[in-house]
Amino acid sequence: MTNEERLKSILYYHDETKHSFNRYARSLGYMDWENQPNPFRIFKGCESSQLMFQENFEPKPHKNLFFKSDNPIQPFSIESISEMIEYSMALSAWKQTQQSKWSLRINPSSGNLHPTESYWLLPNLDKLDAGLYHYNSLMHNLSLRNSYDKDHSNSWNRHFSSEGFFVALSSIFWRESWKYGERAFRYCNHDIGHAISALSFSANLLGWSLHYIDTTDEELSTILGLDKTTWHTDEREEPDVLFWITANDQKIETRSCPPELLEVSKANNFEGTPNQLSSVHHPWEIIDNVALACHKTENDFVHFKLPDFSPLVLPESAKHAQQVIKERRSAVNFSQDCSLISYNHFKGILSSTLPRENVAPFNCKPNEPRINLLLFVHDVTDLDPGLYILLRSPEDLGSLKMIANENLLWEKVDNDLPLYLLERKNYRREAQLVSCQQAIAGESAFSLGMLARFEDTLTQHPHLYKHLYWETGMIGQVLYLQAEAYGLRGTGIGCFFDDVVHSILGLEDHSYQSLYHFTIGFPVEDDRLSTLPAYHHLPKQ
C-alpha cells in the first residue's frame, strides 16, 4: 500500500467508527455471553517459572512514581523483575457479586476486556534461563516460548552500550470487538498506552529506565514468534511495541533492534500452543483493514526533545506509590453531595500529564507529544466553571486559534501551566451530552476530551494512528493514578459523539480529532460488590 492508500483507509475507518446522534458505530448489537473471550492467554506446553510477590516492601512516596532520583537502582534478578511485573501487568483484585466474579488488573482496560499481552526477553538470571517469556497474569508466571544461549544477551548490551532486557506488548482485537465491534481497534490501542505508562511507573520505582525501540511490525512479530504461532481463527495477536529497560539514566544512542536478536528469532522454533479464547467469533473486516494500513513498515525514529515545561510540583498524597498503583479503580458513579476539588490537586493532576525529560511516563518517548486536553471544568476551587484547554503540545496554539471559533477567549490561567480559559459557562450538560449522554461526565469535578493533531501527523506517517491512541492511553493511566493519589477516582470514556465534541470548538475537518475522554470526581462505592485479594486463588509461596 502507498502512504496515500494507507491514509485513505485509516480516515475511512476513523470516520466510519465515529458515534453520532443519528447512529452509533457498528457492533454486534447484543452481548453474546456464551462466547465472551477468555481474558487470560495461556500457551500450553511451555515450561513455566513462578514469579514472586513483594511482601515486606518499603513504601515509597507517591512522587517517586514520576521522579526516579530517590529510587535506589535495583540489580536485575528474578525478584526485581517479578516486582516490576507485579506493579505493571498483574492482577490487582477480584470483584464479586452473588452471581459472578471477575478480575481487575494494574493496567486498566476498556470494558475490563484486556486485549493486551506482554512478553519479556530476559538475560540469564539466577533461577531463570535466558529466553523470550509470555506473562500469564492469572497464574503470575512466565511461560518460556524461545530459549536463548546464556551469552546471547551480551549482544544486546553491546548494541545499546548498556545492560538491560526487553519488554514487548501485543494486542488481541477479538477481546474488544466481541463487545464493541468495529470501534475495538481504537480501544486496543488505548490499552497499549495504559500498559506503557504502567510499565514506566513500575520501572521507575526500581530505578530503571524504559526506552522505546524502533522496530517494524514484521521485525517485532518475528522476535515474539507471532509469525510462527498457529492461532485460532480471529484470535491472533498483533505486534505493537518493544522497549529496552536499563538500570540507569544513560541515554541510548540507537533505537534500532539488535540484529542478533532478529537472527536467533528467525532461526529458532517457538514453544507452546495458544489456548482458544472463544468457540464462535464475529469477524470485523474493517478492523483487519485498518490494522493493515497501520503496519509499521520502516524504521523511522528521529530523536526529539520533549517540551520545556515548568518543573513538576506535586501536592503531597496520603497514599504511598505502591498503594496508589494497586488501589487504582475505575469510577462508576460520582457523589452529588461533594464534587468540589482543590485547585492545588487539579493543577497537580494536569501538570503530571505534561511530557517532560527525565519524568515518567512520557520520557520513554514512543512518540512526540501530539495530544492536548479539552477540559470541561465543573467544580474546582478558585476556577470559573467553563471550557479550558491544556496545550501539551505548545506548537498547536497558533493553528488551533486560527481554525477554532473566533469568540473563544484564550486567556492564560496559570504561569506554570499551558492552561487557557476558552469560555466561562456551566458545561455540565454539554459534557454529559458529548459523552454519549453518560451522567458521569457531567457529575464529576471535571471531565475532558483528548484532542489530537491528526491529519498532518497521519499524512507524514500513517502508522502513527496507533501511536496517537497510545499517547491518550498513557495520559489516561496518569489521570487514573493521580486521581487515586488525591482521594478521587477517574474513569476513561470511550463512548463519545466525536464530531459533536469538535463542533464545540468549531472544528470542521480532520485537522484535530478527539480520541479519548476521561472524567474525575469523588466516587460512590457499590456496596453490592465484595473484593477479594488479587491472587487468593494461588497457594501461598
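Here the structure is shown first, and the text comes after it.
Throughout what follows, the structure given in this document is the object of discussion. For every chain, the first residue of the written sequence is number 1, and numbering continues from 1 along that sequence. Only residues with pLDDT of 70 or above have their local features reported here, since the model is predicted, and side-chain atom pairs are shown and tallied only from 80 upward, although totals for entire chains, interfaces and linings are computed over all residues. Side-chain numbers come from the whole structure's heavy atoms, not from hydrogens or water.

Before going further, it helps to spend a moment on the overall build of the protein chain. Only DSSP runs of H or I with at least four residues qualify as helices, and only runs of E with at least two residues qualify as strands; both kinds are numbered from the N terminus onward. Scanning the protein chain for helices and strands turns up 15 helices and 19 strands. In terms of overall dimensions, the protein chain has a C-alpha envelope of 65 × 55 × 50 Å along the principal axes. Per-residue burial over the protein chain gives 62% buried out of 541 residues. Here a residue-residue contact requires only that any non-hydrogen atoms of the pair lie within 4.5 Å. When contacts within the protein chain are restricted to residue pairs at least 6 apart in sequence, those whose partners lie at least 24 apart make up 82%. Each accessible area value is a Shrake-Rupley result obtained with a 1.4 Å probe; residue values ignore everything except the protein chains displayed when judging cover. On the protein chain, roughly 21,300 Å² of surface is accessible, and the fraction owed to carbon and sulfur atoms is 48%. Three labels apply to residues, based on accessible area from a 1.4 Å probe with only protein chains included: buried if under 20% of the type maximum, exposed if over 50%, partly exposed otherwise in between.

For two strands to be treated as a pair, DSSP must find at least two bridges joining them. Strands sit in the order E2-E7-E6-E5-E8-E10-E9 across an open sheet of seven strands; the sheet is antiparallel. Of all strands in the sheet, those with a lone pairing partner are strand E2 (47-50) and strand E9 (209-213), marking the two edges. On average, each strand axis in the sheet is inclined to that of its neighbour by 30°, with strand direction left out of account. Sheet topology places strand E6 (residues 131-136) next to strand E7 (residues 141-147); six bridges connect them, and they run antiparallel. Counted as the bridge partner of Leu132 is Asn146 from E7. Packing against the sheet, helix H2 (residues 78-86) makes contact with strand E5 (116-122), E6, E7, strand E8 (164-171), E9 and strand E10 (238-246), and its axis sits at approximately 165° to E5. Angles shown run from 0 to 180 degrees and are taken between the N-to-C directions of axes, each axis being a line fitted to C-alpha atoms and, for helices, limited to the stretch in contact.

Attention now moves to the packing of aromatic side chains. What describes a pair of aromatic rings is the distance from one ring centre to the other and the angle between the planes of the rings. For Phe, Tyr and Trp, where Trp contributes only its six-membered ring, two rings pair if their centres lie within 6.5 Å, and the inter-plane angle classes them as stacked under 30 degrees, edge-to-face over 60, or tilted in between. Tallying each qualifying case throughout the model produces 31 aromatic pairs. Seen in terms of ring centroids, Phe376 and Tyr427 are 5.8 Å apart; in terms of plane orientation they differ by 45°. Their pairing is tilted. Of this pair, Phe376 sits in strand E12 (residues 371-377) while Tyr427 sits in the loop between strand E15 (417-424) and helix H12 (428-434), and the two are 51 residues apart along the sequence. Each member of the pair, Phe376 as well as Tyr427, is classed as buried. Between the aromatic rings of Phe454 and Tyr465, the centroid separation amounts to 6.0 Å while the plane-to-plane angle is 75°, which identifies the pairing as edge-to-face.

As a further point, take the state of the cysteines. Disulfides are defined as cysteine sulfur pairs within 2.5 Å. Per the stated rule, a full pass over the model turns up one disulfide. The thiol of Cys188 is unpaired, and the distance to the nearest cysteine sulfur, on Cys294, comes to 12 Å. According to the relative accessible area criterion, Cys188 is buried, its value standing at 0%. Looking at the unpaired Cys257, the closest cysteine sulfur is the one in Cys364, lying at 17 Å.

Tracing the chain through its elements places Asp217 in helix H6 (residues 217-224). With near-sequence residues (within four places) excluded, Asp217 lies in contact with Pro239, Cys294, His295, Lys296 and Lys466.

Let us look at helix H14 (residues 464-485). With 22 residues, H14 ought to run about 32 Å at 1.5 Å a step, and its terminal C-alpha atoms sit 32 Å apart, in line with that. When you tally the buried positions in H14, you get 22 out of 22 residues, the bulk of the element. Just beyond H14, the residue with positive phi is Gly487, at close to 75°. By definition here, a helix of n residues has an expected span of 1.5 Å times n minus one.

Turning our eyes to something else, we now look at the packing of helix H4 (residues 173-180) against helix H5 (residues 184-205). At a minimum axis separation of 8 Å, H4 and H5 run at an interaxial angle of 130°. Judged on the interaxial angle alone, H5 and H4 are oblique. Crossing angle aside, the handedness with which H4 passes H5 is right-handed. Contacts between H4 and H5 involve Phe173, Glu176, Ser177 and Tyr180 from the first element and Ala184, Phe185, Tyr187, Cys188 and Asp191 from the second. When the residues that make up the contact of H4 with H5 are grouped by side-chain class, the tally is six nonpolar, one polar and two charged. Each angle is binned into one of four classes, with values under 35 degrees roughly parallel, values over 145 roughly antiparallel, values of 65 to 115 roughly perpendicular, and all other values oblique. Each crossing gets its handedness from the near helix: less than a right angle anticlockwise from the far helix is left-handed, clockwise is right-handed. Side-chain classes are defined by residue name, with Ala, Val, Leu, Ile, Met, Phe, Trp, Tyr, Cys and Pro counting as nonpolar, Asp, Glu, Lys and Arg as charged, and the others, Gly among them, as polar.

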